[in-house]
Amino acid sequence: MAITVQTYTTKEEAVRVAADAFEALIRERAKAGKTAVLGLATGSTPIALYKELIRRHKENGLSFKNVISFNLDEYCGLPGTHDQSYRYFMNDQLFNHIDIDKANTHVPLGTLPDAEIDAHCKSYEEAIKAAGGIDIQLLGIGRTGHIGFNEPPSSAESRTRKVHLDELTRKDNAVFFGDLAKVPHYAVTMGCGTVLDAKKVLLLAWGEPKAEIVAKSIKGPQTEQVPASWLQKHKDCVFILDKAAASKL
Ligand code: PGA
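Below is a summary of the structure that appears in this document. If you're wondering where the values come from, they're calculated on a predicted model, not measured in any experiment.

Quick look at the packing of helix α2 (residues 47-60) against helix α3 (residues 86-93) now. One way to put it is that α2 packs onto α3 with a least axis distance of 10 Å and a crossing angle of 40°. As judged from the angle between their axes, α2 and α3 are oblique. Between α2 and α3, the residues in contact are Ile47, Tyr50 and Ile54 and Phe89, Met90 and Gln93, respectively. Taken together, the residues of the contact of α2 with α3 break down into five nonpolar, one polar and no charged.

Here the focus is the side chain of threonine 160. Structurally, threonine 160 is set in the loop between β6 (136-139) and β7 (161-164). Only 2.7 Å separates the side chain of threonine 160 from the side chain of glutamate 125, close enough to count as a polar contact. Not counting residues up to four positions away in its chain, the partners in contact with threonine 160 are Cys121, Tyr124, Glu125, Val188, Thr189, Met190, Gly191 and Thr194.

Once that is clear, we can look at the sheet that holds β7. On the basis of which strands lie adjacent, the open sheet formed by three strands has the order β4-β8-β7 and antiparallel pairing. Looking at which strands have only one partner, the edges of the open sheet turn out to be β4 (73-75) and β7. Each strand of the sheet is rotated relative to its neighbour by a mean of 30°, with strand direction disregarded. As judged from the three bridges shared by β4 and strand β8 (residues 186-189), these two strands associate in the antiparallel manner. The residue of β8 that forms the bridge with tyrosine 75 is alanine 187. The strands touched by helix α4 (residues 114-130) are β7 and β8; relative to β7, the strand with the most contacts, the crossing angle is about 120°.

Helical periodicity: at 3.6 residues per turn, an α-helix aligns residues three or four positions apart in one direction. Of all eight residues in α3, six are buried; the element is thus mostly enclosed. When we look at burial in α3, the residues that qualify are Tyr86, Arg87, Phe89, Met90, Asn91 and Gln93. Where α3 is buried, its residues contact β2 (36-40), α2, β3 (67-71), β4, β5 (105-106) and α5 (167-177).

Near the ligand the following residues occur: Gly43, Ser44, Thr45, Gly140, Ile141, Gly142, His146 and Lys210. Serine 44 has a polar side-chain atom sitting 2.9 Å from an oxygen atom of the ligand. At 2.5 Å from an oxygen atom of the ligand is found a side-chain nitrogen or oxygen belonging to threonine 45. Protein contacts shield 83% of the accessible area of the ligand, which totals 280 Å² for the unbound molecule. When atoms are counted within 2 Å of each cavity's grid points, the one that captures over half of the ligand is the largest pocket.

Below, the discussion takes up the nonpolar core. Formed by 74 residues in total, the largest nonpolar core has its most connected members in Leu49, Leu53, Leu94, Leu231 and Phe239. Top element by residues in this core is helix α1 (residues 11-31). It accounts for seven residues. Apart from the residues lying within four places of it in its own chain, the contact partners of phenylalanine 239 are Ile3, Thr4, Val5, Gln6, Leu203, Val214, Ser217, Ile218 and Leu231.

This part is about the packing of aromatic side chains. If you walk through the whole model with that rule in mind, you get six aromatic pairs. Ring plane angle 45° and centroid distance 5.5 Å describe the contact between tyrosine 75 and phenylalanine 149, whose orientation is recorded as tilted. Of the two residues, tyrosine 75 sits in strand β4 while phenylalanine 149 sits in the loop between β6 and β7, which places them 74 residues apart along the sequence. Residues tyrosine 75 and phenylalanine 149 agree in their burial class; the two are buried. An aromatic cluster of three or more residues is present, and its members are Tyr75, Tyr86, Phe89, Phe149 and Phe177. Directly above the aromatic system of tyrosine 186 lies the positively charged group of lysine 162, at a separation of 4.8 Å from the ring centroid.

Glancing now at the pattern of salt bridges. One pass over the structure, following the stated rule, counts 16 salt bridges. Between arginine 27 and glutamate 23 there is a salt bridge, with its nearest N and O atoms 2.7 Å apart. A residue pair is termed a helical-turn pair when its members lie 3 or 4 positions apart in one helix, as arginine 27 and glutamate 23 do in helix α1 at four residues. When its relative accessible area of 13% is taken as the criterion, glutamate 23 is described as buried. Between aspartate 135 and arginine 29 there is a salt bridge, with its nearest N and O atoms 2.9 Å apart. Residue aspartate 135 is found in the loop between α4 and β6, and its partner arginine 29 is found in helix α1; the two are separated by 106 residues along the sequence.

Criteria and cut-off values
- Residues numbered from 1 in each chain as written.
- Predicted model: local features only at pLDDT ≥ 70, side-chain atom pairs only at ≥ 80, totals over all residues.
- Heavy atoms only, no water.
- Axes fitted to C-alpha atoms, helices over the stretch in contact; angles between N-to-C directions.
- Helix = DSSP H or I, 4+ residues; strand = E, 2+ residues; numbered from the N terminus.
- Parallel < 35°, antiparallel > 145°, perpendicular 65-115°, else oblique.
- Contact = heavy atoms within 4.5 Å.
- Nonpolar A, V, L, I, M, F, W, Y, C, P; charged D, E, K, R; others polar.
- Polar contact = N/O pair within 3.5 Å; in protein donor to acceptor, adjacent residues only side chain to side chain.
- Pairing = 2+ DSSP bridges.
- Buried < 20%, exposed > 50% of the residue type's maximum accessible area, 1.4 Å probe, protein only.
- Near = heavy atom within 4 Å.
- Areas by Shrake-Rupley, 256 points an atom, 1.4 Å probe, with all protein chains shown as cover.
- 1 Å grid on protein atoms, 1.4 Å probe; cavity = no way out; pocket = protein on both sides within 12 Å on 5 of 7 lines; lining within 4 Å.
- Sits in = over half its atoms within 2 Å of the grid points.
- Core = buried A, V, L, I, M, F, W, Y, C linked by side-chain atoms within 4.5 Å.
- Phe/Tyr/Trp six-rings, centres within 6.5 Å; stacked < 30°, edge-to-face > 60°.
- Lys NZ or Arg CZ within 6 Å of the ring centre and 35° of its normal.
- Salt bridge = Lys/Arg side-chain N within 4 Å of Asp/Glu carboxyl O.

What follows is the structure in structure tokens.
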């Protein structure tokens, strides 16, 4: 299977295309009286998409009442009230501005003692299955090639688990914390296998700093050294890029 690449002149155009995919799924399922199951991502990449979905909710009546969401990952040690936790991010950037039932939003817990993490990860996987599986999984990509927080090396079969963060990832995310020392060293993340189980995968990437890893993921060998390269195995994976992120293809 090859990854489908769609390149747009501007990020705004690219964001509209991604928003269209989510809107079409949500509306089609609502019409049929069914739920839509979304896999959601954090970081700077999806912010513009979330703004566009909020706009469509407020201006076009797009309702999220039938949406169930599962986030990719969460930092270990940060409670949902911490402004750098991904639970906080999701509430702040999306959930607080739309009509989704918060009880239907899932973010892995980063605050459990080690002895309880495995059971939590198993129940996260089970909850995804019980919801019917993820219809569309949204992804960003880290410069290490990570998807979620699956740093190299991560196998194609990896499942939700506690992981150690790469130093490059910690440095890239230090801007949000204001200080590298405050960036956690561990996280809980869905695995590459969890992501590959989604019916459709949309990966967004903007800007020149992502160009090299985007090219490696699409054209390079499938390897645990570039976890995003496992997406080549997926039967419906689309990379939605701006020109700069596509510049090394
Ligand atoms: P970013 O991170 O959106 O902040 O660039 C993407 C990622 O690490 O997956």
